[in-house]
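Next come the chains, spelled out residue by residue.
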Amino acid sequence: MADLSPQELRVLAAVADSGGFSAAGALLGLSQSAVSHSVRGSEAKVGAVLFERGRGGASPTPAGERAVALARRILRMYEVLGAEARGAGRDTVAGVLRIAAFRSAALHLLPPALERLTARHPGIRPEVRVVRELGAGTAGEVAAGRADLAIATLNAGGGGVGGATGATGSVPAGAAAPGRLLTGVLREEAYALVHPAGHPDPRSLPLLDWDENCGSYTRDWWRAQDWIPRATVKAEDDGMVLTMVGRGLGMAILPELSLREATDAVDITGLGPSGPVRHVGYVTAPESASSLAVRALIRELRSEAG
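These remarks concern the structure in this document.

The subject of this paragraph is the packing of aromatic side chains. Taken as a whole and assessed by the stated rule, the structure comprises one aromatic pair. Aromatic pair Trp221 and Trp222: ring centres 6.3 Å apart, planes at 85 degrees, arrangement edge-to-face. Residue Trp221 is classed as buried on the basis of its relative accessible area of 13%. For the cation-ring pair, Arg203 lies above Trp227, with the distance from its terminal atom to the ring centre recorded as 3.9 Å.

Take a look at the structure:
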């Protein structure tokens, strides 16, 4: 099979990102016919149809999704190559560092780590995207080549449900994640019962929840608790749940990072030694794991997690 050139990889990524050949041409300064010719040539080299063409534009086939993800990751390594070479022998790290994180991690875990990172390496320019831990979740951003590192919820027991394989964003910890990604645990968090301050019987209250809660690491525990009712309210995120609990609208079960925003309007009760625990960690691609910027960020995240 003939190799795809960097320009052909850029065309594939642009078509996927823009949703059409004409739009991709506008992004790259090429004609629609030049983009179409490039895609046909890439498909011939790969031996698979990469895009479904239609009146509404172009969308990646399953083969195309995989090819585009790898194309983005390869193109990213071209960018990293220059930054790494310029910093060689000078112990300096520079350039854009793309990070995906779920809301509470982006709010509480990431900022102090980035503060120390950029103080030590002023040339690093972090770009942070907050991604919900649903579907592919934050790990999916790394797999798709849109992030160099993600902070994700990890299923430390292995056999993860979610990420690229299921309904929530969790991925197996300590080994290769879906799509041959690498993971490492940063912190372990217990869940707790949060309820309006001073309520005499918080377990009698309705349950407030949000879609990202109750991943594969807590699902069995939830199913075994006959005192937990079905959620009567599904909020957008954990911050909204906490606010609603403080207003006396119900009780909730939240992990430690989510509870850092708790006020005096709520009380927090532990769930005991058998209560659910989640693992928060990093996810990165093998080719990014050795880059100076990613390694430096992982060191700071480990330091922040204690």
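Let us keep going from here.
Right, let's talk about the pattern of salt bridges for a bit. Under the criterion given, the structure shown has 21 salt bridges. For Asp148, the salt bridge is made with Arg76, and the minimal N-O distance between the two is 2.8 Å. Here the residue Asp148 occupies a position in the loop between helix 6 (137–143) and strand 5 (149–155), and Arg76 occupies one in helix 4 (residues 62–87), the gap between them amounting to 72 residues. A relative accessible area of 3% means that Asp148 is categorised as buried. Arg76 gets classed as buried once you look at its relative accessible area, which sits at 9%. A salt bridge links Arg103 to Glu261, with the shortest nitrogen-to-oxygen separation between them at 2.6 Å. Taken together, the residues Arg103 in helix 5 (residues 103–120) and Glu261 in the loop between strand 11 (252–255) and strand 12 (266–270) connect sequence positions 158 residues apart. Looking at Arg103, the relative accessible area reads 22%, which means it is partly exposed.

Conventions and cut-offs
Within any chain, residue numbers begin from 1 and follow the written order of that chain's sequence. Local features in this predicted model are restricted to residues whose pLDDT is 70 or higher, and side-chain atom pairs enter the listing and the counts only when it is 80 or higher, whereas totals over whole chains, interfaces and linings include all residues. Note that the side-chain values use all heavy atoms of the structure and ignore hydrogens as well as water. Note on aromatic pairs: the rings of Phe, Tyr and Trp (six-membered ring only in Trp) are paired at centre separations within 6.5 Å, and the planes decide the class, stacked below 30 degrees, edge-to-face beyond 60, tilted for the rest. For the exposure calls, accessible area comes from a 1.4 Å probe over protein chains only, and a residue counts as buried if that area is under 20% of its type's maximum, exposed if over 50%, partly exposed in between. Our definition puts a charge over a ring when NZ of Lys or CZ of Arg is within 6 Å of the ring centre and also within 35 degrees of the ring normal. Salt bridges are counted wherever a side-chain nitrogen of Lys or Arg sits within 4 Å of a carboxyl oxygen of Asp or Glu. The numbering of helices and of strands both runs from the N terminus, where a helix is a DSSP run of H or I of at least 4 residues and a strand a run of E of at least 2.

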